[in-house]
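Coordinate inspection notes
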Amino acid sequence: MRPDLFEAPDYYNLDDLLSEEHKLVRDAARQWVKRDISPIIEEFAQKAEFPKQIIGGLAEIGAFGPYIPEEYGGAGLDQISYGLIMQEIERGDSGVRSTASVQSSLVMYPIYAYGNEEQRKKYLPKLASGEWMGCFGLTEPNHGSNPGGMETKFKDMGDHYLLNGAKLWISNSPFADVAVVWAKNEEGRIHGLIVERGMEGFSTPETHNKWSLRASATGELIFDDVKVPKENLLPGKNGLGAPLGCLDSARYGIAWGAIGAAMDCYDTALRYAKERIQFGKPIAAYQLQQKKLAEMITEITKAQLLAFRLGQLKNEGRATTAQISMAKRNNVDMAIKIAREARQILGGMGITGEYSIMRHMMNLESVITYEGTHDIHLLITGADITGIPAFK
């Protein structure tokens, strides 16, 4: 493993816009990634295994529910702090950031926002500490971009609910202790249910043979007549807007996280271009390589400004779903293009595990698809500016 020499680019002095707390939170996450992720991540990606030993470290840096109030075990931080943590973790690996995003935005957030006080006190502290890990069950084998078509259903059996169905492409599912599952009641209304490992009829088979997010555990959720206690229903919100509200939070985190992957690819390519000698001088001296590098830092800077402004809007409670979609789509697209250009600068070395670029590139192929595909986010923007939905 090469030493982690990463230096974060900040071409427009965005650090000047951050509070001291923002910088402390970010720097703590950055140092943790350098110490605990960079030395092991290539090995675990090659093995297609999630490094479970990092869960405690993720909790320590506040990666699990950083914006959840301290009374429930969270760090009580603002949305920009959350974004900066996701940026630094994804600089290490998208799969590790996925684990933290799911725990924070897709498990802790709905329990906090839609749950009752008993549910908050029971689940949130253990999720914040990493004692319990969670997953989010929305996507189904037959319903991806159209989650409203879900077939997973539950019936009221008097003293409990009976849950049947299946979910697919679920991060954290193979080892999750709890799952926030979205299902339709007998009237066809979507509700959230907290399903716990050990409930009879609940299984979580792992998905294998992935070329992407190899250091992240992905699986299914299978419900075969699972008896769910009535107190496990999230009472605060129902309908499709409930899970989509969780996705807003997760997509916001992705918009920041993708910047981290892009920064790592850029930093690696810049360092390599200065060191690699061809025809008697560093390849960084050649116009085509400078063009690539200059375009990379320009796109990263634009993405940083987009994410920072979105963070301000989130803090004020004014960020719209369409604004979040724009940032997720733009920033992930930016990152995947930078990964591909960075790989070109490294030539053949770019495909090896000695450098992070190819791993980032493969990971971003998932990030550009999950939690709203690249095309769907474009249509969300289109619907917002025209008032005419094109995907219904």
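Just so you know, these numbers come straight off a predicted model, no measurement behind them.

1. A word on the packing of aromatic side chains
- Tallied over the entire structure, the rule returns 11 aromatic pairs.
- Their ring planes at 20° and their centres at 5.1 Å tell us that Phe50 and Phe175 sit as a pair that is stacked. Highlighted residues: Phe50 in the loop between α2 (41-47) and α3 (55-60) and Phe175 in the loop between β3 (160-171) and β4 (178-184), separated in sequence by 125 residues.
- Centroid distance Tyr272 to Tyr355: 5.9 Å. Interplanar angle 90°. Geometry classified as edge-to-face. Residue Tyr272 is located in helix α7 (residues 241-275), and its partner Tyr355 is located in the loop between α9 (321-346) and α10 (357-367); the two are separated by 83 residues in the primary sequence.
- What makes Tyr355 buried here is its relative accessible area of 11%.
- Feature note: the residues Tyr109, Tyr114, Phe136 and Trp182 constitute an aromatic cluster, connected by ring pairs.
- A cation over a ring is seen here: Lys47 above Phe44, with NZ or CZ 4.2 Å from the ring centre.
- In this structure, Lys281 is placed above the aromatic ring of Tyr286, and the distance from its NZ or CZ to the ring centre is 4.7 Å.

2. Thoughts on the UniProt feature "domain: Acyl-CoA dehydrogenase/oxidase N-terminal" (unreviewed entry) in the protein chain
- Annotation from UniProt places "domain: Acyl-CoA dehydrogenase/oxidase N-terminal" (unreviewed entry) at residues 19-131.
- Structurally, residues 19-131 comprises 70% helix and 0% strand, and the distance from its first C-alpha atom to its last is 31 Å.

3. Some words on the pattern of salt bridges
- Under the criterion given, the structure shown has 22 salt bridges.
- Linking Glu20 and Lys23 is a salt bridge whose minimum nitrogen-to-oxygen distance equals 3.3 Å. Separated by three residues within a single helix, Glu20 and Lys23 lie in helix α1 (residues 20-37), roughly one turn from each other.
- Between Asp156 and Lys230 there is a salt bridge, with the nearest N and O atoms lying 2.9 Å from each other. With Asp156 in strand β2 (residues 153-156) and Lys230 in the loop between β7 (218-229) and α7, this pair connects stretches of sequence that are 74 residues apart.
- For Lys230, a relative accessible area of 28% translates into the label partly exposed.
- When salt bridges that share partners are traced, they join Asp4, Arg91 and Asp264 into one network.

Reading the values: the criteria
Residues numbered from 1 in each chain as written. Predicted model: local features only at pLDDT ≥ 70, side-chain atom pairs only at ≥ 80, totals over all residues. Heavy atoms only, no water. Phe/Tyr/Trp six-rings, centres within 6.5 Å; stacked < 30°, edge-to-face > 60°. Helix = DSSP H or I, 4+ residues; strand = E, 2+ residues; numbered from the N terminus. Buried < 20%, exposed > 50% of the residue type's maximum accessible area, 1.4 Å probe, protein only. Lys NZ or Arg CZ within 6 Å of the ring centre and 35° of its normal. UniProt positions renumbered as here; feature names shortened; annotations may be inferred. Salt bridge = Lys/Arg side-chain N within 4 Å of Asp/Glu carboxyl O.

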